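These are the residues of each chain, in order.
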Amino acid sequence: MSDCLFCKIIKKEIPAEVVYSNNVVTAFKDINPQAPTHILIIPNKHVADIHELSSENDCGEIMAAITKGIKEITDCEGIDESGFRVVTNKGTEAGQTVFHLHFHILGGREFRWPPG
Ligand code: AMP
Ligand code: ZN
């Protein structure tokens, strides 16, 4: 998707602080962090959201890569023991603003439940 912000980050057309990447997923620091650790992990391929991902042939491969990435990133950030939160927003009511699937990895502070 040529006009997608996160596709542009994947193609290195706009800069990002990439912390983890392989041939399936890329993770980079959120530009407007909501916690001491706030990293986004995304599929390299354009998929709009988690709902759309379910009908992709490589859904399993992408989810496995995201799960593995979350493990490696949270270990590296030292938030594996203290705890962390993973969030994906789908659609406007959930607050999705970038329509390329991404999982927020948040840690380094206490979080409340339910979320606002
Ligand atoms: P969401 O509201 O769930 O769609 O999350 C989109 C996230 O992307 C927000 O937390 C933004 O701060 C973040 N974001 C937007 N533009 C950039 C960018 N250029 N680099 C890194 N993160 C970004
Ligand atoms: Zn995209």
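Residues numbered from 1 in each chain as written. Chains lettered and ligands numbered in written order. Predicted model: local features only at pLDDT ≥ 70, side-chain atom pairs only at ≥ 80, totals over all residues. Heavy atoms only, no water.

1. Things to note about the overall build of the chain
(1) Moving on: A count of helical and extended segments in the chain gives three helices and five strands.
(2) Moving on: Walking the chain from its N terminus toward its C terminus, one meets helices and strands in the order α-β-β-β-α-α-β-β.
(3) Moving on: Its C-alpha radius of gyration of 14 Å places the chain within 12% of the 13 Å reference for a compact globule of 116 residues.
(4) Moving on: With the C-alpha coordinates of the chain rotated into their principal frame, the extents come out at 35 × 30 × 30 Å.
(5) Moving on: For the chain, the proportion of its 116 residues judged to be buried stands at 38%.
(6) Moving on: Sequence separation of at least 24 residues holds for 54% of the intrachain contacts in the chain that already meet a minimum separation of 6.
(7) Moving on: Approximately 7100 Å² of the chain is accessible, and the part contributed by carbon and sulfur atoms is 52%.
(8) Moving on: Across the chain, 11 positive and 16 negative side-chain charges occur, with their mean positions spaced 2 Å apart. (Helix = DSSP H or I, 4+ residues; strand = E, 2+ residues; numbered from the N terminus. Rg over C-alpha atoms; globule rule 2.2 N^0.38 Å. Buried < 20%, exposed > 50% of the residue type's maximum accessible area, 1.4 Å probe, protein only. Contact = heavy atoms within 4.5 Å. Areas by Shrake-Rupley, 256 points an atom, 1.4 Å probe, with all protein chains shown as cover. Lys, Arg positive; Asp, Glu negative; His and termini not counted. Charge placed at Lys NZ, Arg CZ, Asp CG, Glu CD.)

2. Let's talk about the pattern of salt bridges
(1) Moving on: Considering all chains together, one arrives at seven salt bridges under this definition.
(2) Moving on: For E13, the salt bridge goes to K11, with nearest N and O atoms at 3.9 Å.
(3) Moving on: Relative accessible area serves as the criterion here: at 49%, E13 is assigned to the partly exposed category.
(4) Moving on: In this structure, the salt-bridge partner of K29 is E17, at a minimum N-O distance of 3.4 Å. Taken as a pair, K29 in strand β2 (residues 25–29) and E17 in the loop between α1 (5–10) and β1 (18–21) lie far apart in primary sequence, 12 residues in all.
(5) Moving on: What makes K29 partly exposed here is its relative accessible area of 38%.
(6) Moving on: What emerges from the salt-bridge pattern is a single network uniting K45, E56 and D58. (Salt bridge = Lys/Arg side-chain N within 4 Å of Asp/Glu carboxyl O.)

3. Describing the side chain of T74
(1) Moving on: With respect to the element layout, T74 can be found in helix α3 (residues 59–77).
(2) Moving on: At a separation of 2.7 Å, a polar atom in the side chain of T74 contacts the main-chain carbonyl oxygen of I70.
(3) Moving on: Not counting chain neighbours up to four residues away, the residues in contact with T74 comprise I79, D80, F84 and I105. (Polar contact = N/O pair within 3.5 Å; in protein donor to acceptor, adjacent residues only side chain to side chain.)

4. As for the coordination of the zinc ion (ligand 2)
(1) Moving on: Summarising the metal site, the zinc ion (ligand 2) is bound by the protein donors C4 (SG), C7 (SG), H46 (ND1) and H100 (ND1), whose distances to it range over 2.1 to 2.3 Å.
(2) Moving on: For the zinc ion (ligand 2), the four donor atoms in the first shell make angles of 106 to 115° at the metal, so the coordination geometry reads as tetrahedral.
(3) Moving on: Here the donor residues of the zinc ion (ligand 2) share one chain and are spaced in sequence as C-x2-C-x38-H-x53-H. An identical accessibility class is assigned to C4 and C7; each is buried. (Donors = N, O, S within 2.8 Å, 3.2 Å for Na, K, Ca; no water. Tetrahedral: all angles 85-135°; square planar, octahedral: opposite > 155°, others 65-115°.)

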